[in-house]
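Coordinates in review
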Amino acid sequence: MTDVDVAIVGGGPAGSAAARAAAERGANAVVYEKGVPRDDRDRIGPDSTDAAGFLDYWLEVADLDFADIPEDVVEQELADAEFIGPDEEVVVDRTGIDADYDEFGFTFHRAKFDDWLRERAEDAGADYVAGTSVKAVDTDLSGGHEHTLTLGDGEEVTAEYLVLADGPQRQVTMRVLDPLLPDGKRASEVLSPPSANHIAYQEYRRFPEELFDEDTLKFWWGWMPGETAYPWVFPNRDGVARVGLTMPIGLDIDDFDKSEWRLLREDDDRIPSGDEYLRRLLEELYGDEYDVEEDFPLVDGHGKSNSTETYAISSTRPIESPTEAGIAVVGGAMGATSSFHEGGDHVAHRTGKLAGKLAAEGNLGEYNAAWHDAIGDEIRRNVAMADVVAEFGPADWDKTIRITRQMLDSSDSGTIISKSNARSAAGGLRLYTKYKRAKFRYRKRKYAQIRESDYSL
């Protein structure tokens, strides 16, 4: 039996940040990461799959300095993002939120980013055990709090503090939290991956030189059905881009009018697979002049396997942690990463950093208030936006994109969403009011689905 101060389940951005913060403050911190192989990584590590982009102010949210990030981690610095509806489009060249980083944002290599965070944690003195899964956790609250982790090889490890960073699949998190909640309230229902996650799929393709837009993110809204379902293109290095999509799990094609959606076909008897959706997207965009398979080839040595990857993205609202039990839930495991499905490395890193710091200092009881203060504005914006667009169809997306373009054209203050801007666009004030009302519903931290007071400790 081995004793540690802080045991961390999961070695992604949240887990590595927690380990580094704890180790820097003298705690014996160990990360347990089951590990997955990837074509673009020499060793096993976390399931490093997402769109891997940062907007300017996300560095402040993450509490990261761009100058510290190694050059080989950053793929492209960005000037703007293009949002494309069925008939309308807008180019957004600012987030409207103050940031020290001067560019619009950047794309990065997620596996290299995770490896860098792991190295920083190890340099600080944390142990990172890859290839070891956590099969069970037994929590003893009879004299304080102690957690016994049973590892995949049968070894048992005891820890004073437990940080759950097992990402949006949350298999360990749900098993740990359920016994701490009263009858009738279960974390495994609130956080169940089939209902609380979206599924994402992406391919690494080389673009023809004349079509490769190295400093622009591209999103297609209203092209495929499902709540906040959309394809994207993120530029990487050397003409390679990530072409991907995200959509809810378990959609029924009979719930949608196929004639409304550009990426559906009348003879579809089910929702298309990710690779079929992306083939249709590229054909719609470039098929008149290019052969998609020949002119946009998949690139060897990228992604998880065969230049592709499928992964889960949290699409739920976050939960608070039972800190009195010595437990902090961070990142994707707590549902904080992607309430609007835009990625979540920034909030994962920040929540992990806070949890590791406070656990090492013996002040974990401050964690819930700390993460609300650090990322609450981001979460509230995202869940409000998700509510506003939840039932959008193609025409709604076109209207919203048109309104956004007109609001941007009228803005001289750098802001995007404001009452003054909204007045400048037909329908803008109504959309703005709907968004403000959605935000109001989540005041006083009401976006948290499980509150700390809900736990039976």
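Residues numbered from 1 in each chain as written. Predicted model: local features only at pLDDT ≥ 70, side-chain atom pairs only at ≥ 80, totals over all residues. Heavy atoms only, no water.

A closer look at the domain arrangement of the protein chain
The domains assigned to the protein chain are domain 1 (4–78 + 97–194 + 315–384), domain 2 (198–312) and domain 3 (391–442). Of note, the centres of domain 1 and domain 3, computed from C-alpha atoms alone, are 33 Å apart. Taken together, the contacts link five residues of domain 1 with five residues of domain 3. Both faces considered, domain 1 and domain 3 share a buried interface measuring about 560 Å² in area, 67% of it formed by carbon and sulfur atoms. Together, Arg 380, Arg 381 and Ala 384 form the three largest contributors to the area buried by domain 1 at its contact with domain 3, with a combined 71%. Summed over the shared surface of domain 1 and domain 3, the result is one residue pair in polar contact (both at pLDDT 80 or more). Residue composition of the side of domain 1 that touches domain 3, by class: two nonpolar, no polar and three charged. (Domains from an automatic or database assignment. Contact = heavy atoms within 4.5 Å. Buried area = accessible area lost by both parts, 1.4 Å probe. Polar contact = N/O pair within 3.5 Å; in protein donor to acceptor, adjacent residues only side chain to side chain. Nonpolar A, V, L, I, M, F, W, Y, C, P; charged D, E, K, R; others polar.)

Concerning the sheet that holds strand S12 (residues 197–206)
In spatial order, the strands read S6-S5-S13-S14-S15-S12-S16; together these seven strands make up an open sheet with mixed pairing. Pairing within the sheet leaves two strands with one partner each, and these edge strands are strand S6 (89–92) and strand S16 (308–314). In this sheet, neighbouring strand axes are inclined to one another by 20° on average, regardless of whether the strands run parallel or antiparallel. Pairing analysis gives seven bridges linking S12 to S16, with the strands arranged antiparallel. Note on S16: the bridge partner recorded for Gln 202 is Glu 309. Running over the sheet, helix H11 (residues 394–410) touches strand S5 (80–84) and S6 and is turned about 40° from S6. (Pairing = 2+ DSSP bridges. Helix = DSSP H or I, 4+ residues; strand = E, 2+ residues; numbered from the N terminus. Axes fitted to C-alpha atoms, helices over the stretch in contact; angles between N-to-C directions.)

Quick look at the packing of helix H9 (residues 345–360) against helix H10 (residues 367–389)
Axis separation between H9 and H10 bottoms out at 10 Å; the angle between their running directions is 160°. Here H9 lies roughly antiparallel to H10, going by the angle between them. In the packing of H9 onto H10, the handedness of the crossing is right-handed. Contact residues: H9 offers His 346, Val 347, Arg 350, Thr 351, Leu 354, Ala 355 and Leu 358, while H10 offers Tyr 367, Ala 370, Trp 371, Ala 374, Ile 375 and Glu 378. Looking at the contact of H9 with H10, its residues break down into nine nonpolar, two polar and two charged. (Parallel < 35°, antiparallel > 145°, perpendicular 65-115°, else oblique. Left-handed = near helix turned anticlockwise from the far one by under 90°.)

What to know about the packing of aromatic side chains
All chains considered together, the criterion is met by 26 aromatic pairs. On the basis of an interplanar angle of 85° and a centroid distance of 6.4 Å, the ring pair of Phe 207 and Tyr 286 is categorised as edge-to-face. On the criterion of sequence distance, the pair formed by Phe 207 in the loop between S12 and strand S13 (216–220) and Tyr 286 in helix H7 (residues 274–286) is long-range, its members being 79 residues apart. For the pair shown, Phe 207 and Tyr 286 are each scored as buried. When the ring of Phe 256 is compared with that of Trp 261, the centres are 6.5 Å apart and the planes differ by 85°; the resulting orientation is edge-to-face. A relative accessible area of 22% places Phe 256 in the partly exposed class. Assessed through its relative accessible area of 7%, Trp 261 is described here as buried. Members of the aromatic cluster, connected to one another through ring pairs, are Phe 54, Tyr 57, Trp 58, Phe 66, Tyr 101, Phe 106, Phe 108, Phe 113 and Trp 116. Its end group placed over the ring of Trp 223, Arg 262 keeps NZ or CZ at 4.1 Å from the ring centre. Between Arg 443 and the ring centre of Phe 440, over which it is positioned, the NZ or CZ distance is 3.8 Å. (Phe/Tyr/Trp six-rings, centres within 6.5 Å; stacked < 30°, edge-to-face > 60°. Buried < 20%, exposed > 50% of the residue type's maximum accessible area, 1.4 Å probe, protein only. Lys NZ or Arg CZ within 6 Å of the ring centre and 35° of its normal.)

Section: the UniProt feature "domain: FAD-dependent oxidoreductase 2 FAD-binding" (unreviewed entry) in the protein chain
In the numbering used here, UniProt assigns the feature "domain: FAD-dependent oxidoreductase 2 FAD-binding" (unreviewed entry) to residues 5–37. The span residues 5–37 is 36% helical and 30% strand by assignment, and the distance between its end C-alpha atoms comes to 29 Å. (UniProt positions renumbered as here; feature names shortened; annotations may be inferred.)

A few points about the pairing of strand S11 (residues 156–164)
Residues in a regular strand point their side chains to alternate faces of the sheet. Burial analysis of S11 places seven of its nine residues in the buried class, the great majority of the element. In this sheet, S11 lies alongside strand S10 (residues 146–151) in antiparallel orientation, the contact comprising four bridges. Bridge assignment links His 147 to a residue of S11, and that residue is Ala 159. As consecutive antiparallel partners, S10 and S11 are separated by four residues, and within that stretch Gly 154 has a phi angle of approximately 95°, a positive value. Of the strand pairs in this sheet, S11 and strand S17 (residues 327–329) are connected by three bridges, and their pairing is parallel. The residue of S17 that forms the bridge with Leu 164 is Val 329.

Remarks on the sheet that holds strand S3 (residues 53–55)
Pairing in this open sheet of three strands is antiparallel, and the strands run S3-S7-S4 from one edge to the other. Of all the strands in the sheet, just S3 and strand S4 (74–78) have a single pairing partner and so form its edges. Here the strands of the sheet are splayed against their neighbours by 20° on average, with no regard to which way each runs. Alignment of S3 against strand S7 (residues 105–108), held across three bridges, turns out to be antiparallel. The residue bridging Gly 53 from the neighbouring strand is Thr 107, located in S7.

Notes on the packing of helix H1 (residues 13–24) against H9
H9 packs onto H1 with a crossing angle of 30° between their chain directions and a minimal axis gap of 7 Å. In terms of axis orientation, H1 runs roughly parallel to H9. Like other packed secondary-structure pairs, H1 and H9 cross with a definite hand, here right-handed. Between H1 and H9, the contacting residues are Pro 13, Ala 14, Ala 17, Ala 18, Ala 21 and Ala 22 on the first element and Asp 345, Ala 348, His 349, Gly 352, Lys 353, Gly 356, Lys 357 and Ala 360 on the second. When grouped by side-chain class, the residues that make up the contact of H1 with H9 number eight nonpolar, three polar and three charged.

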